[in-house]
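These are the residues of each chain, in order.
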Amino acid sequence: MSAYRDKDPLIHGIQSKIRVVPNFPKPGIMFQDITTLLLDPKAFKDTVDLFVERYKGKNISVVAGIEARGFIFGPPIALEIGAKFVPLRKPKKLPGKVISEEYVLEYGKDCLEMHVGAVEPGERALVVDDLIATGGTLCAAMQLLERVGAEVVECACVIELPDLKGRERLNGKPLYVLVESR
Amino acid sequence: MHRALIFSSLNPIYSKLSTTTASPDSAVFPKRDGGWIGPPPVFRLQNYKRTLLPPLCSASDSVANQPKMASQDEQDPRISKISSAIRVIPNFPKPGIMFQDITTLLLDTKAFRDTIDLFVERYRGKDISVVAGIEARGFIFGPPIALAIGAKFVPMRKPNKLPGEVISEEYSLEYGTDIMEMHVGAVQAGERALIIDDLIATGGTLCAAIKLLERVGVHVVECACVIELPELKGRERLGDKPLFVLVSST
């Protein structure tokens, strides 16, 4: 589901603050830059508020954010809904004991890690990132949480690139986005 | 062992007392299609009284460059819970280093909330328009503070992460150097900024962040961290820039 389809007037304001940078990180990619959104305090607050409205009071105790831009959106949401924030990181960043999930990139593989003990079985969790493209990273994040017995209630992103069909890759898990970019 | 530290020292923060306008030459903002738009409407700053905040430690503190320890009476009651929520991991990332792990603080909803509140209480209403956060753990603490005080959030990143035009600052590591980057146009000359990170060790990274902001004419009001490792003397490396921390760890 996406907020954009609801034609919320706040959404238009948020979308207009996202900057598209052509040919980054490589030719042919139109990079969705959320840093310009963060420069507008009202638009940034509206972004967080839209997620908070959706998830407050839903008994969600974990917000997992994907390094690094998920660290920007996840904590404000977690604080407002009274959930803990769990960073999901690239390898060797987390200092304690971790569990790891490997996932496939266009060329090669990468790995996402979470601290052992951060999340308990039965907890209800959100996964937050700035953007969903192919869905590979979000899948890895969901796997980590499910492996420790948490229930992933929904994945939440500011932006979706629908042409990359990430939504389908989430194995039926709901995805909520504010903005679609084609 | 953590010592809970709270405010002491000599130099209060001063708010800007005059109105200001953004210089048209320095104010450019990125547009969605990659072009640039002109400066925002001029904003006028109100006159503020000199702040009533507790003063801060500064490098020029005559008491042997050490922050005074808070007595039981002065300590904010939230600090001890914050301090005890931080986990120390020995020998990470390499032997001999006692790593200060804030992820356990983030699992304690009240302590995380209190951490943010302590910064927000200090900086709200002080005409700070920029919170710069250092990748990656500064991204966790910076945005909630920015949102609460109505400032913009500016990520300071490792090389080749920011997609637009950047300015770069090189800084020294124990072995070799690293680079920090900031987007061109994110901040305007004359803005008042905070720099946030989870921890200050040698102060090298914070120094690089200060330089990036000052190069574009921003006034860095203060650096703010959850944790300080005082033996590494990062506070001195910041020169005249004030540093505010919640917890000191030796």
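Reading guide: rules and limits
- Residues numbered from 1 in each chain as written.
- Chains lettered and ligands numbered in written order.
- Predicted model: local features only at pLDDT ≥ 70, side-chain atom pairs only at ≥ 80, totals over all residues.
- Heavy atoms only, no water.
- UniProt positions renumbered as here; feature names shortened; annotations may be inferred.
- Helix = DSSP H or I, 4+ residues; strand = E, 2+ residues; numbered from the N terminus.
- Buried < 20%, exposed > 50% of the residue type's maximum accessible area, 1.4 Å probe, protein only.
- Contact = heavy atoms within 4.5 Å.
- Areas by Shrake-Rupley, 256 points an atom, 1.4 Å probe, with all protein chains shown as cover.
- Salt bridge = Lys/Arg side-chain N within 4 Å of Asp/Glu carboxyl O.
- Pairing = 2+ DSSP bridges.
- Axes fitted to C-alpha atoms, helices over the stretch in contact; angles between N-to-C directions.
- Parallel < 35°, antiparallel > 145°, perpendicular 65-115°, else oblique.
- Left-handed = near helix turned anticlockwise from the far one by under 90°.
- Polar contact = N/O pair within 3.5 Å; in protein donor to acceptor, adjacent residues only side chain to side chain.
- Expected span 1.5 Å × (residues − 1).
- Lys, Arg positive; Asp, Glu negative; His and termini not counted.
- Phe/Tyr/Trp six-rings, centres within 6.5 Å; stacked < 30°, edge-to-face > 60°.

Under an unreviewed UniProt entry, the name given to chain B is adenine phosphoribosyltransferase, and the source organism is Hibiscus sabdariffa. The Subunit (unreviewed entry) field of the UniProt record for chain B holds the comment "Homodimer." You can read under Subcellular location (unreviewed entry) in the UniProt record for chain B the words "Cytoplasm".

The name given to chain A in an unreviewed UniProt entry is adenine phosphoribosyltransferase, with the source organism recorded as Hibiscus sabdariffa. Listed under Catalytic activity (unreviewed entry) in UniProt, the entry text for chain A is "AMP + diphosphate = 5-phospho-alpha-D-ribose 1-diphosphate + adenine". The UniProt entry for chain A carries the following comment under Sequence similarities (unreviewed entry): "Belongs to the purine/pyrimidine phosphoribosyltransferase family."

**Q** How should I be thinking about the overall build of chain B in this particular structure?
**A** Summing up its helical and strand segments, chain B has 6 helices and 12 strands in all. Counting the 250 residues in chain B, one finds 54% classified as buried. Considering only intrachain contacts with a sequence separation of at least 6, the fraction spanning at least 24 residues in chain B is 65%. Just so you have it, chain B exposes about 11,200 Å², and 54% of that area is on carbon and sulfur atoms.

**Q** Looking at this model, I keep getting lost on the UniProt feature "domain: Phosphoribosyltransferase" (unreviewed entry) in chain A. Mind explaining?
**A** Within this structure's numbering, the places UniProt gives as "domain: Phosphoribosyltransferase" (unreviewed entry) are residues 49-164 of chain A. For the annotated span residues 49-164 of chain A, helix accounts for 27% and strand for 37% of the residues, and the straight-line distance between the end C-alpha atoms is 27 Å.

**Q** Help me understand the pattern of salt bridges, please; the structure alone is not making it clear to me.
**A** Close approach of charged atoms allows side chains with opposite charge to pair. This model, assessed by the stated rule, comprises 30 salt bridges over all chains. Between A:Arg124 and A:Glu151 there is a salt bridge whose closest N-O contact spans 3.6 Å. Taken together, the residues span a long stretch of sequence, with A:Arg124 in strand β7 (residues 124-132) and A:Glu151 in strand β8 (residues 151-160) at a distance of 27 residues. Given the relative accessible area of 40%, A:Glu151 is considered partly exposed. B:Asp101 is paired through a salt bridge with B:Arg87; the nearest N and O atoms lie 2.9 Å apart. Here B:Asp101 is found in strand β5 (residues 98-101), whereas its partner B:Arg87 is found in strand β4 (residues 87-90), with 14 residues between them in sequence. The exposure class of B:Arg87 is partly exposed, given its relative accessible area of 28%. Here the salt bridges share partners, and the residues they tie into one network are A:Glu67, A:Arg89 and A:Lys93.

**Q** Which parts of the structure should I look at to understand the sheet that holds strand β3 (residues 62-66) of chain A?
**A** Adjacent strands of a sheet pair through backbone hydrogen bonds, lying either parallel or antiparallel. Residue and element names in this part refer to chain A. Read from one edge to the other, the open sheet built from 5 strands follows the order β4-β3-β7-β8-β9, with strand pairing classed as parallel. Of all the strands in the sheet, the pair left with one neighbour each is β4 (84-88) and β9 (175-180). Strand after strand, the sheet turns through a mean of 20° between neighbouring axes, direction not considered. Pairing analysis gives 8 bridges linking β7 to β8, with the strands arranged parallel. Bridge pairing links Leu-126 to Glu-154 in β8.

**Q** Can you walk me through the packing of helix α1 (residues 77-84) of chain B against helix α3 (residues 109-123) of chain B in this structure?
**A** Pairs of packed helices are described in terms of their axes, by the angle between the two and the distance that separates them. All names here are of chain B. As a packed pair, α1 and α3 sit with axes 9 Å apart at the nearest point and diverge in direction by 130°. In terms of axis orientation, α1 runs oblique to α3. The handedness of the crossing between α1 and α3 is left-handed. Touching Arg-78, Ile-79, Lys-81 and Ile-82 of α1 are Ala-111, Asp-114, Thr-115, Asp-117, Leu-118 and Glu-121, all from α3.

**Q** Quick question: what am I supposed to make of the interface of chain B and chain A here?
**A** Reports of interface size often rely on the accessible area that becomes lost once the parts have come together. The interface of chain B with chain A comprises 40 residues on the first partner and 40 residues on the second. Seen at the junction of chain B and chain A, the total is 0 salt bridges. Linking chain B with chain A are 6 residue pairs in polar contact (both at pLDDT 80 or more), by the criterion used here. Of all elements in the fold, only β4, β5, α2 (103-106), α3, α4 (138-149) and β7 (152-156) of chain B reach the threshold of two or more residues within the side of chain B that touches chain A. The element best represented in the side of chain B that touches chain A is α4(B), accounting for 5 residues.

**Q** Could you clarify how one ought to interpret helix α5 (residues 204-215) of chain B in this entry?
**A** Structurally, the α-helix is built with 3.6 residues per turn, so residues lying three or four positions apart point the same way. In this model α5(B) runs 16 Å from its N-terminal to its C-terminal C-alpha over 12 residues, within 8% of the 16 Å that 1.5 Å per residue would give. Remark: B:Gly217 follows α5(B) within two positions and exhibits a positive phi of approximately 85°.

**Q** Is there a simple way to explain the side chain of B:Glu181 in this structure?
**A** With respect to the helices and strands, the residue B:Glu181 is situated in strand β9 (residues 177-183). One buried charged side chain, B:Glu181, makes no salt bridge at all; its nearest oppositely charged neighbour is B:Arg157, positioned 8.2 Å away.

**Q** Looking at this structure, I do not really get the packing of aromatic side chains. What am I missing?
**A** Geometry of an aromatic ring pair is reported as the spacing of the ring centres plus the angle between the planes. Applying the stated criterion to the full structure yields 10 aromatic pairs over all chains. Ring geometry for A:Phe44 against A:Phe73: centres 5.8 Å apart, planes inclined by 85°, an arrangement best described as edge-to-face. Linking A:Phe44 in helix α3 (residues 41-55) with A:Phe73 in helix α4 (residues 70-81), this pair joins segments that are 29 residues apart in sequence. Accessibility assignment for this pair places A:Phe44 and A:Phe73 in one class, buried. Ring geometry for B:Phe112 against B:Phe141: centres 5.9 Å apart, planes inclined by 85°, an arrangement best described as edge-to-face. In this pair, B:Phe112 is assigned in helix α3 and B:Phe141 in helix α4, connecting sequence segments 29 residues apart. Side by side, B:Phe112 and B:Phe141 carry an identical accessibility label, which is buried.

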